[in-house]
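What follows is each chain in one-letter form.
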Amino acid sequence: MLKKKLEALGFPTPSDLALSNRKDFASIVLWLEDQKIRQYAIEDRVILRNVDNIEMWEDAYQKYCADLNMPSLGTQNEQLAWIVGHAIRLEFLDDPAQYESINSKQTQPKINNKQSQKKVLMIFDGQINVNDKEFIAGVRTLAGQLNVPHHPNYLVQLEAVARVVHERLSPAARGRQPIVGTPFPFDKGNDVVSDSDAALDLPMRILRLLQIQSLRQLQTHINETIVSVQNLTANPKTDTKLGKVGF
Amino acid sequence: MVVRSYNDELKYLEKINDHCWRIKKGFQPNMNVEGCFYVNSRLEQLMLEELKNSCRPGAVGGFLPGVKQIANVAALPGIVGRSIGLPDIHSGYGFAIGNMAAFDMDNPLSIVSPGGVGFDINCGVRLLRTNLYEKDVQPVKEQLAQSLFDHIPVGVGSKGIIPMNARDLEEALEMGMDWSLREGYVWAEDKEHCEEYGRMLNADPAKVSMRAKKRGLPQLGTLGAGNHYAEIQVVDEIYDKWSASKMGIEEKGQVVVMIHSGSRGFGHQVATDALVQMEKAMKRDKIETNDRQLACARINSVEGQDYLKAMAAAANFAWVNRSSMTFLTRQAFAKMFNTTPDDLDMHVIYDVSHNIAKVENHMVDGKERKLLVHRKGSTRAFPPHHPLIPVDYQLTGQPVLVGGTMGTCSYVLTGTEQGMKETFGSTCHGAGRALSRAKSRRNIDYKEVLEKLEQSGIAIRVASPKLVMEEAPESYKDVTDVVDTCHAAGISKKCIKMRPIAVIKG
């Protein structure tokens with residue numbers, strides 16, 4: 001997603017986003033400021049140009065973030081995502097007429113915002129205005145407290161928060177027995193993901209595990225239903241008089 | 001039929017690699033696709049010798065050799081991919097036992113053949129685990145064997161101890177394992193760990209003859225005769241520790257129970273009835289086959305559909321049958337150890353069918369196609385993450401239960417991606433006969449067989465000792481050879497090996 005956004009902004013080398021290197025990160029930030037954001041006047045950007053002296057640059061970056069009014073975000077990726085988002089917003093505001101044809105009616109279904117909004121609305125039964133600023137701020141704070149990663153759509157973030165609470169903090173989850181047994185590295189199973197693309201391997205395995213987890217929940221639910229029906233219908237009988245051993 | 005010398009016949013066979021041979025078109029007339037078979041060097045000799053014997057002048061009667069049968073199947077209308085022989089292949093009625101073939105459902109000419117399923121419809125293997133170890137069972141194995149023998153009626157003409165009337169049977173035929181669940185004979189988890197979840201939905205008891213139902217009714221919950229058995233086994237070797245632990249097998253010495261049975265006289269009657277119908281259909285639709293035994297009908301014809309519905313009912317019968325025996329086994333163990341089956345952790349590891357035809361989706365030439373897959377003496381072996389295998393085995397691949405011959409070892413394998421590509425997700429089912437039943441009776445003495453079993457410390461209870469030599473290990477191919485070939489060819493992966501300590505037989 002981030003790559004796509006950078007591409008859209010015309011960033012020259014979006015294919016190698018080696019964000020493990022702080023210097024590269026600094027360069028991207030600088031490029032965004034130079035080309036798109038222009039928060040500072042040209043001469044004031046000198047301190048941000050210090051990408052070779054990373055320690056000095058960090059101080060300048062702190063100030064820059066504050067000047068941009070960036071919320072406090074955890075990881076470097078989240079920060080970059082926010083800055084890129086900011087740049088795109090500015091780019092859009094430069095010439096809104098140009099994007100008029102791409103309106104929310106077309107994009108809304110794609111973002112799926114409505115669906116999650118509907119879900120949340122259903123849960124709150126219309127008693128809470130989910131578009132209320134206070135509500136949004138509350139979701140953001142809650143997410144911050146629970147270390148849930150930032151997402152531009154606060155409703156999606158709310159879903160993630162709900163999941164964390166359900167899995168980790170609910171009374172049922174707290175009373176759950178810890179899982180015993182020997183753990184097995186999940187990348188050593190019989191299943192093959194992709195021979196050619198190692199980068200696909202880990203995310204695919206994680207997705208598959210999540211899928212298996214939800215399938216397991218479904219199957220357990222089915223089993224519980226069967227057992228509850230069995231309580232009503234079961235009446236196993238045997239009659240040894242009927243038995244006959246052959247020859 | 002073409003008559004050729006053995007050397008001429010060999011020109012049509014080509015060894016592709018150490019474990020696979022190709023049967024070229026022309027080996028038998030009208031082959032639509034090529035054939036192939038999986039063997040290692042020892043099994044290869046058996047295969048070729050069989051062919052050689054049939055080429056001798058004056059060799060008539062009996063079944064055709066396995067290779068010829070594979071090629072005849074390749075000549076059936078609508079077949080796709082290849083006609084595949086698994087390492088345990090041996091001659092059978094029409095199709096060889098250990099032959100799998102897939103037919104395109106979208107081709108109106110495609111056929112379904114009862115010979116490709118076999119007479120014992122949904123014959124299969126079920127494996128129950130326990131939390132007992134060899135040291136717990138060894139001192140009481142004689143009593144336990146006797147107790148199992150008392151609970152599970154065996155032998156030709158045996159009758160079950162679960163009371164059933166005609167209405168119960170109708171329901172069981174339609175519902176399969178759901179019937180056993182409803183009546184409380186099995187656990188909810190058993191259904192989860194069963195191929196097709198223990199129920200074929202297209203079953204229609206109305207398509208089954210009265211005669212089949214009459215034969216089937218008293219036989220539910222009985223093991224039957226022939227190669228069917230119930231064995232108390234001990235884990236002898238674990239090849240894939242992680243997959244084994246997913247199946248609840250933690251260590252060597254753990255005790256498991258294997259039940260090998262099918263649909264008894266019921267399935268046999270369904271198949272017999274269908275063959276009669278199909279001969280008529282073949283004449284009407286002008287279907288030509290190389291072998292009269294390959295009676296078949298178009299999948300979409302009335303006869304084809306009727307057979308599939310009746311076959312599904314017979315499959316359901318077999319699942320109820322194995323479920324009933326699961327119930328009885330649990331009772332026997334619980335009584336013996338004065339506890340409950342729950343406390344003995346007697347869960348079903350898996351239940352496989354090795355005589356069945358099923359509609360499945362497979363990739364053929366890079367496209368997804370809906371196929372009718374016949375597996376006769378061949379076990380489904382789906383790879384990890386296949387949607388049709390239980391969630392517990394999504395990471396390991398489907399467990400494949402391979403029962404050995406009486407008194408030898410058995411194996412659990414898992415399905416692989418390669419098997420999915422090469423054999424439509426199929427692998428071997430057992431040892432596979434090397435000698436015919438009649439030959440075994442002539443050549444082997446039953447007393448010797450029983451003594452041998454006793455000497456190796458196996459408790460045995462048989463209903464008809466005089467038929468035991470038909471099932472003697474000498475009459476069969478070596479199951480280890482068969483399994484090793486599948487493992488080496490990559491069409492399934494070895495996981496666990498078990499050896500028996502007590503055998504109950506018909």
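Residues numbered from 1 in each chain as written. Chains lettered and ligands numbered in written order. Predicted model: local features only at pLDDT ≥ 70, side-chain atom pairs only at ≥ 80, totals over all residues. Heavy atoms only, no water.

Caption draft 1: Expanded view of the overall build of chain B. Regarding its fold elements, chain B presents 16 helices and 19 strands. Taken over C-alpha atoms, the radius of gyration comes to 21 Å for chain B, in line with the 23 Å a tight globule of 506 residues would show. Here chain B, with 506 residues, has 64% of them falling under the buried criterion. In chain B, once contacts between residues fewer than 6 apart in sequence are set aside, the share between residues at least 24 apart is 75%. When the 62 basic and 61 acidic side-chain charges of chain B are each reduced to a single mean position, those positions are 5 Å apart. (Helix = DSSP H or I, 4+ residues; strand = E, 2+ residues; numbered from the N terminus. Rg over C-alpha atoms; globule rule 2.2 N^0.38 Å. Buried < 20%, exposed > 50% of the residue type's maximum accessible area, 1.4 Å probe, protein only. Contact = heavy atoms within 4.5 Å. Lys, Arg positive; Asp, Glu negative; His and termini not counted. Charge placed at Lys NZ, Arg CZ, Asp CG, Glu CD.)

Caption draft 2: Spatial organisation of the overall build of chain A. Along its length, chain A carries ten helices and zero strands. Along chain A, from the amino end to the carboxyl end, the secondary structure elements read α-α-α-α-α-α-α-α-α-α. Per-residue burial over chain A gives 27% buried out of 247 residues. Contacts in chain A between residues far apart in sequence, at least 24 positions, make up 41% of those at least 6 positions apart. Taken as a whole, chain A presents about 17,300 Å² of accessible surface, with 57% of it coming from carbon and sulfur. (Areas by Shrake-Rupley, 256 points an atom, 1.4 Å probe, with all protein chains shown as cover.)

Caption draft 3: Just the packing of aromatic side chains, in detail. All names here are of chain B. For the structure shown, the criterion picks out 14 aromatic pairs over all chains. For the pair Tyr-12 and Phe-27, a centre-to-centre distance of 6.2 Å together with 50° between the ring planes defines the contact as tilted. Remark: Phe-27 occurs in the loop between strand S2 (20–23) and strand S3 (35–38) and Tyr-12 occurs in the loop between helix H1 (6–10) and strand S1 (13–17); sequence separation between them is 15 residues. With relative accessibility at 26%, the residue Tyr-12 sits in the partly exposed group. For the pair Tyr-185 and Phe-327, a centre-to-centre distance of 5.0 Å together with 85° between the ring planes defines the contact as edge-to-face. Residue Tyr-185 is found in the loop between helix H7 (177–183) and helix H8 (188–192), and its partner Phe-327 is found in helix H12 (residues 302–336); the two are separated by 142 residues along the sequence. Since its relative accessible area comes to 10%, Phe-327 is described here as buried. Over the aromatic face of Phe-27 sits the side chain of Lys-68, whose NZ or CZ is 4.2 Å from the ring centroid. It is Arg-330 that lies over the ring of Trp-187; its NZ or CZ is 3.6 Å from the centre. (Phe/Tyr/Trp six-rings, centres within 6.5 Å; stacked < 30°, edge-to-face > 60°. Lys NZ or Arg CZ within 6 Å of the ring centre and 35° of its normal.)

Caption draft 4: Geometry of the interface of chain B and chain A. Facing the 39 residues of chain B at the interface are 28 residues of chain A. Here chain B and chain A share an interface that buries about 2,900 Å² over both sides, 63% of which is from carbon and sulfur atoms. Remark: the boundary between chain B and chain A carries two salt bridges. Between Arg-216 of chain A and Glu-192 of chain B there is a salt bridge whose closest N-O contact spans 2.6 Å. Run the count over chain B and chain A and you get ten residue pairs in polar contact (both at pLDDT 80 or more). In terms of residue count, the dominant contributor to the side of chain B that touches chain A is H8 of chain B (four residues). Per-class residue counts for the side of chain B that touches chain A are 19 nonpolar, eleven polar and nine charged. (Buried area = accessible area lost by both parts, 1.4 Å probe. Salt bridge = Lys/Arg side-chain N within 4 Å of Asp/Glu carboxyl O. Polar contact = N/O pair within 3.5 Å; in protein donor to acceptor, adjacent residues only side chain to side chain. Nonpolar A, V, L, I, M, F, W, Y, C, P; charged D, E, K, R; others polar.)

Caption draft 5: Quick look at helix H10 (residues 198–233) of chain A. The first and last C-alpha atoms of H10 of chain A sit 52 Å apart over 36 residues, in line with the 52 Å expected at 1.5 Å per residue. Listing the buried residues of H10 of chain A in full gives Asp-201, Arg-205, Ile-212, Gln-219, Asn-223, Ile-226 and Gln-230 of chain A. Against H7 and H8 of chain B lie the buried residues of H10 of chain A. (Expected span 1.5 Å × (residues − 1).)

Caption draft 6: Summary view of helix H11 (residues 264–285) of chain B. In this model H11 of chain B runs 32 Å from its N-terminal to its C-terminal C-alpha over 22 residues, within 8% of the 32 Å that 1.5 Å per residue would give. Directly beyond the C-terminal end of H11 of chain B, a positive phi value near 55° is found at Lys-286 of chain B.

Caption draft 7: Quick look at the UniProt feature "binding site: Mn(2+) 2" (unreviewed entry) in chain B. Residues and elements named next belong to chain B. In the UniProt entry, the feature "binding site: Mn(2+) 2" (unreviewed entry) is given for Cys-123, His-260 and His-354. Across 232 residues, the annotated set stays spatially compact, with a maximum C-alpha separation of 10.3 Å. Position of His-260 relative to the elements: it lies in strand S9 (residues 254–261). Setting aside its immediate chain neighbours within four residues, His-260 contacts Cys-123, Gly-124, Val-125, Leu-223, Asn-227, His-228, Tyr-229 and His-354. For His-354, a relative accessible area of 2% translates into the label buried. Each residue touching His-354, except ones within four places of it in the same chain, is listed here: Cys-123, Gly-124, Val-125, His-260, Arg-375, Lys-376, Gly-377, Ser-378, Thr-379 and His-429. (UniProt positions renumbered as here; feature names shortened; annotations may be inferred.)

Caption draft 8: Seen up close, the UniProt feature "binding site: Mn(2+) 1" (unreviewed entry) in chain B. Residue and element names in this part refer to chain B. Taking the UniProt record as the reference, the feature "binding site: Mn(2+) 1" (unreviewed entry) is found at Asp-120, Cys-123 and His-228. Despite a sequence span of 109 residues, these residues sit close together in the fold, their greatest C-alpha distance being 10.7 Å. Inspection of the secondary structure assignment puts Cys-123 in the loop between strand S6 (111–112) and strand S7 (124–133). Not counting residues within four places of it along the chain, the set of residues in contact with Cys-123 comprises His-228, His-260, Ser-261, Gly-262, Arg-322, Val-352, Ser-353, His-354 and Asn-355. Following the sequence through the fold, His-228 ends up in the loop between helix H9 (210–216) and strand S8 (229–238). Among residues more than four places away in sequence, those in contact with His-228 are Asp-120, Cys-123, Leu-223, His-260, Ser-261, Gly-262, Ile-504, Lys-505 and Gly-506.

Caption draft 9: Structural detail: the pattern of salt bridges. Residues and elements named next belong to chain B. Evaluated as defined, the whole model comprises 45 salt bridges over all chains. Where Lys-68 meets Glu-9, a salt bridge forms, and the shortest distance between an N and an O atom there is 2.9 Å. With a gap of 59 residues between them, Lys-68 in helix H3 (residues 66–74) and Glu-9 in helix H1 connect regions that are remote in the sequence. Assessed through its relative accessible area of 3%, Lys-68 is described here as buried. For Glu-474, the salt bridge identified is with Lys-452, shortest N-O distance 2.7 Å.

Caption draft 10: Molecular detail of a negative patch on the surface. All names here are of chain B. Taken together, the side chains of Asp-445, Glu-448, Glu-451 and Glu-454 define an acidic patch exposed on the protein surface. Residue placement: Glu-451 occurs in helix H15 (residues 446–455). For Glu-451, a relative accessible area of 48% puts it in the partly exposed group. (Patch = residues over 30% accessible without salt bridge, like charges linked within 9 Å, V, L, I, M, F, W, Y side chains within 5 Å.)

Caption draft 11: Geometry of the sheet that holds strand S4 (residues 79–90) of chain B. All names here are of chain B. Taken together, the seven strands give an open sheet; going across it, the order is S1-S2-S3-S4-S5-S13-S12, and neighbouring strands pair in mixed fashion. The sheet terminates laterally at S1 and strand S12 (355–364), the two strands that pair on one side only. Neighbour-to-neighbour, the strand axes of the sheet open up by a mean angle of 25°, direction not taken into account. In the sheet, S1 pairs with S2 via four bridges, with the strands oriented antiparallel. Across the sheet, Lys-15 pairs through a bridge with Trp-21, a residue of S2. (Pairing = 2+ DSSP bridges. Axes fitted to C-alpha atoms, helices over the stretch in contact; angles between N-to-C directions.)

Caption draft 12: Highlighting the side chain of Gln-233 of chain B. As for its position among the elements, Gln-233 of chain B is in strand S8. The contact partners of Gln-233 of chain B, leaving out residues within four places of it in the chain, are Leu-127, Gln-254, Val-255, Val-256, Met-258, Ser-410, Met-498, Arg-499, Pro-500 and Ile-501 of chain B.

Caption draft 13: Fine view of the pairing of S9 of chain B. Residue and element names in this part refer to chain B. Most of S9 is tucked away: eight of the eight residues are buried. Residues of S9 alternate between two faces, with Gln-254, Val-256, Met-258 and His-260 on one and Val-255, Val-257, Ile-259 and Ser-261 on the opposite face, all of them buried. One ladder, built from seven bridges, connects S7 with S9; its direction is antiparallel. Its bridge partner being in S9, Val-125 is matched across the sheet by His-260. Examined bridge by bridge, S8 and S9 share six bridges and lie antiparallel to one another. Looking across to S9, one finds that Ala-230 is bridged to Ile-259.

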